[in-house]
Each structure stands twice: as C-alpha cells, then as structure tokens.
Amino acid sequence: MLNEFSKKEAPIQGLAGMGGGVPSRLLTLASGEVTYVDDVFSSFMYRGNQTARSINNGIDLDGEGGLVWVKSTSSRNHILADTENGTGKVLFSNLNNAVDTDATTITSFNSNGFSMGASTLKMNTNSETFCSWTFRKCPGFFDVVTWTGDGTSGRQISHSLGSVPGAIFIKQTNSARDWCVYHRGIHSTNPSHYKLHLNKTDERADEANIFNDTEPTSTVFTVGSDGEVNGNGDTYVAYLFAHNDGSFGEDSDEAVIKCGSWTGSGALKNIDVGFEPQWLMVKSAYADADHWYIYNSMRGFFGVGALEDSKHLRADANFAQSSNNVHVTSDGFQLDSGDTNKSGKRYIYIAIRRPHKPPETGTDVFAVDNKSAISGETPSYSSNFPVDFCIRRNNITSTDSTEFITRLGNTLSYTNNAGTDVDGGSTFLNYFSFNNGWADSSGSDSNDYLWMFKRAPGFMDVVAYTGTGSLTGVNHKLGVTPELKIIKNRDSASGDWIVGGTGLSGENGYILINSDNAKVTSSNYWDGGDDSATQFSVRQGNISSDSSGNDYIAILFATLDGISKVGTYTGTGSDLNIDCGFTNGARFVLIKRTSGTTDWWLLDTVRGINSGNDPAFKLNDTAAQTSSYDLVDSYSAGFTAVANTAAINSSGETYLFLAIA
C-alpha cells in the first residue's frame, strides 16, 4: 500500500545567495533535492571524555557553513563556534567577552558534524553531559555574516537568508561588548527601534541607533553607528534566524523555524506555531526582566500532562539545567502561570520544527536489542536513531509486566492493566538523551529486551493531550490517516488501553490492549468524525479518551511502503502468507485476533521468527515468554501465519496486525 510518504521524485527548491527579495521556495537548487529540518539542524547529546573526538550529526558544516552551540547540563558557559570565525575561536552567549582563542574547542567543521580537541574544559569535560545544537547555513533557515564596522549610520549588511529574518544576534568579536538582539516580536509595529541583550536578563531597550529604525529585508539588514553593531574598525558576527519560510519538507511547502511573540495571561495558554518544536528559545521582551530559556527535545522537553516540568538551559547564564512550566504540543507549546506567562507581559520565541524526514528503511525507525552495559557513548540498548517510543520487557523468562515508554511523557505504563503512569524522573531523562539508543544503566541482562521506535511521517507519531470532555478531534503530525491508534489515560486507573483505527472498522471499532477480549463495534470510544491525516477522533467525555482534565498519550501507526504494514487478514487454517510489501521479511510482528478471545502476541527476528517454534510473549499478560508454539514463519514479503493456531490463523477468524520491516 502506497501513501504520500512513499518515495517519489524530489521537487526543485531554493538556491542560496540568489537574494533580490525572491522567496526561497521559488528558487532552485542545482541538486534538485528536498530539504528537511533534519538536513539543517541537529540537537545532539554527548558525554564528555576529554579525548579528541568527532560529533557525527549529519549536518554539512564543511560545505555549507554554520554555527555550533554547546552547553553542559552542569554549570558551565555556553560555547558558540561558527565557520566564519573559524576553528579554535569561540564566543559565550552568557558573557560579553571578545572571541576566545582555544585550540582545544572546535578543531574542524566537517561534512557530517564537527570535531573537538582532547582536553577542553569548555565542551568536553570528562563525564559531563552536553547539549550541542548545530545550525547549518540554508536559505529560509539560518545564516552567519561577518563585517568590519565603519561607524556610519544606516549601513546595510548583506545576507543570504533569502527571506526576511525573524531574529538577529550580533556580537562584536574583537573586544568586550554585549550581544545585541533584534527580534520581529519585540514590538508590535516597530521592532527595529528596540534591542535586547542575549547575555543579560534585561527587558527591551529603546535604541534607534542600533538597527536604525529600519526593518530587515530578504537580502540586507541595517545597523546604526553604535559600537554594539558598527564601531569604526571593530569586527562583528551576526547569526540570522528565518521566520516562517515555507520551502522545506516533502512538498517544499513547510516552515521549519518561526520567530513569534505572545502576551502573557497568567493562566494556561497554548501558542500555535504550526508544528511541534524540538528546540525552543523563550524570553520576556517587555515589562519584565527574565532569562533566555532554551528547551530541547533531546533533554526533557516534555509533552502536556507530563508528571514533570520541562528542562531548560539559560542562554544568558552558566547555570546547570533547571525546570519550569513549558510543555510541547503537536502544534507548538503550552504555558502555565509561571515565569514564561506572567499576565500582561510580552514574550518572544524562536521555535524549530522536530525532525520530519521520511525514513528510507525499517532500520531508520525500528530496532530491537537486549540490555548490555553502557560504554562511553554506547547506550544499554542500541539503535541508529533517537528513541521516541519503546516497549520494554525487563525479563522475558519470568513473570513480568510489559512497559510502554515515551519521550514526550517521560513515564511508563504497564500494558497488562489500566493503571496510572509511573514517573520516570531523572532516570528516563538520562535514558532518552542518546542519539543512538536508550538507557545508561549499568550491567548486562540478555533477558531484558527493548523494542525501539522513532517518530517519522507516514510511520509512527506520538501525541500528548489533555481531555476537555468535548473534544471533536486531536491534532497529530503523522501526515496520513492513522490505521492503528493506541490511547491511554495517564491519570486514571479506570481508563483502559484502547485501540482503534481503520483496521478496526474506523470510528466504531475498538479493542483493548490490557485484555484478550474480541473487538467491540460501538461508539463508546470514538465520537463521530473519521480519523484523518491531521486529526484522530475520540469519544467526548469517555474516561479512556477524553475525560475533562485528564492527560492522555496516543501512539499512532500507519502503513509506509516497504517499512511498515497495518492490516487485517482472515484465517484459513492453513499456512497463510501475509504480503506486507517488504523485500526481506518482517522483523517485528504484533498480532491480535479481533473476532474472538485471544492474546496480543509480540514476535521479532532477534529472538527468532523461524520455521519452528517462535519465542513470543503477550502484551496483555505478565506470563513469561513461551516457545511452545509455532506461530509465525519467515516470508520475504512479510510473514507467514502458521496453520491452525487460534491466536494466529484459525479458519474464518479475523486478525489485526502491525508488521515492521
């Protein structure tokens, strides 16, 4: 089954440096390739080891140029290094210092990331955890510009952003001066009349001689004669952030960065940016002095309803990470009544979209591994991607519960019962901080298994939401209609694990994960309106999907050509080949009979899908793994449902399955 995220010819889009006010979506790249946020921005966690090393994050800094921003989660300065100033040259966002020369910082900008020296205490301190954010030069996203000041007012500085900047950070590099910031949201009608300081908590200042009361354009920005931006003979660097340039994504019609503002309400408030951010910077701009807060999905930017506040770092301070009341939503972020939402105060933000490049193979989005001892940058369970959702079985050989764990929730739920969420706290915060797997626990256990999933268009999405009792639909970013939706009330033990989707008669069919019961056709859980590529339906007021004030987590799957298959089949009582459109067979199979009472069976190729008995266990039961049955055999296009097993292939019975290549 093909969907809109199946491979197709890439459209043509933006060419750097064309300028002239032409929207970047109308320009052309020589390569003709689609550009995703994954190509221009990376949020990468690493642990310091004080040895020379490379951070391979997939961002081409050597060929394209850009900025690397690094901050320890402990009390250390922010380190900023860009390709215009060159290797061994760093700035500090929390200080007004001139460029610092340190050969142990960035030693090279690479085609797939950057390298650093061996002994630096700035960005490679032994055993400390570091956040690194890499911004690649790209029209519609980011640019770096340098110049030598001439002391004249109204000077125009050329740039290659190809669209009007939403924010500009300027720093004098040859001596100590404050960072100077322009942001389009700092004032409702005349933002270029004001400035902020990145290294300070102060509110906006009325300063016409900084940006010369002249708004930036798609090719230039204007500076005055003030020494913060244009002192005669002084040297400067500017970091330019685009706003709402819709030239990215599969159809070159999505924005990956937005710079906006809001007025605080002192009460629960949702800010809609049109996408789910993976990186967010927030600052009070007027009528209140406060920090520049940075949130990062790789380090605890939690969804609504999380049992903990999200973690942040402060661009203006060398503080260790802390927490406050900002939570991510599928369309932006949510604020409570704390420091980022005081009534009547003006706030600004820069938001960057979460990764959204369609996968090419099943290994891009799914992996299974058993536990091994952590070693340096190697997590306890290995994958080749950051884990967004995982299924964990602590011990497959004895009685145990199966756990569903999500990055957005930072909590676990047990699939064999309807209990409330268990807070993962700082443990899960560390566990989700790997770019190539999950967990940093000591020791090995060959019976401890983890099934790891990455969110990706057309494959899988995770949504955190709060019920109102009157929801008509919940927004998601799967990009196609969910064929399998799994929803859990995280606050109430009365809410079951409910499963719906097109594989269960659309809006009317449901089944429970924490039960072996057959499918029920009823409107108890889904409330009118079909699921779509942008929303999924829930039942208004139902405890399991939309009880007012209760928090929920939803896990959505769809069929993606060559990678995943959600479907149903009718048993024949004879060996039955299930064609999923794969070429090397299914590595993961989850099956449930919907026409009768049987368990949810989970199988995979790591433990064994073969011609004999298969190691398998039940999601809805705590029983140990069993190898007493031959359930599924290998089949290159998918899997074979073995003959005459009630749980897998009984004649005339209907079965729901999820398979991943």
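Residues numbered from 1 in each chain as written. Predicted model: local features only at pLDDT ≥ 70, side-chain atom pairs only at ≥ 80, totals over all residues. Heavy atoms only, no water.

Draft legend 1. Summary view of the pairing of strand S49 (residues 638–641). Across four bridges, the pairing between strand S44 (residues 576–579) and S49 is antiparallel. Looking at S49, one finds that isoleucine 578 is bridged to phenylalanine 639. As paired elements, strand S48 (residues 632–635) and S49 share four bridges and run antiparallel to each other. From the neighbouring strand, valine 632 faces S49, where its bridge partner is alanine 641. In sequence, S48 turns back onto S49 through a hairpin of two residues. (Pairing = 2+ DSSP bridges. Helix = DSSP H or I, 4+ residues; strand = E, 2+ residues; numbered from the N terminus.)

Draft legend 2. View of the pattern of salt bridges. Throughout the structure, instances matching the rule amount to 24 salt bridges. Among the ionic pairs, lysine 357 bridges to aspartate 39, the shortest N-O distance being 2.6 Å. Of the two residues, lysine 357 is situated in the loop between strand S26 (346–353) and strand S27 (366–371) and aspartate 39 in helix H1 (residues 37–40); the sequence distance between them amounts to 318 residues. The salt bridge involving glutamate 207 is made with lysine 195; its shortest N-O contact spans 3.9 Å. A residue pair is termed long-range when its members are at least 10 positions apart, and glutamate 207 in the loop between strand S15 (205–206) and helix H3 (208–211) and lysine 195 in strand S14 (residues 194–195) qualify at twelve residues. With a relative accessible area of 24%, glutamate 207 lands in the partly exposed category. Given a relative accessible area of 7%, lysine 195 falls into the buried group. One connected set of salt bridges, linked through shared partners, spans Glu276, Arg354, Arg455 and Asp461. (Salt bridge = Lys/Arg side-chain N within 4 Å of Asp/Glu carboxyl O. Buried < 20%, exposed > 50% of the residue type's maximum accessible area, 1.4 Å probe, protein only.)

Draft legend 3. How the structure looks around the side chain of serine 492. The residue serine 492 is located in the loop between strand S37 (484–489) and strand S38 (498–501) in this model. Once residues within four sequence positions are removed from consideration, serine 492 is found in contact with Ala418, Thr420, Ile543 and Asn550. (Contact = heavy atoms within 4.5 Å.)

Draft legend 4. Structural context of the sheet that holds S27. Across the sheet, which stays open at both edges, the six strands sit in the order S27-S34-S29-S30-S31-S32 with antiparallel pairing between neighbours. Two strands in the sheet have a free side with no partner beyond their single neighbour: S27 and strand S32 (422–423). In this structure, strand S30 (residues 402–406) lies alongside strand S31 (residues 411–414), joined through four bridges in antiparallel fashion. For phenylalanine 404, the partnering residue across the bridge sits in S31 and is serine 413.

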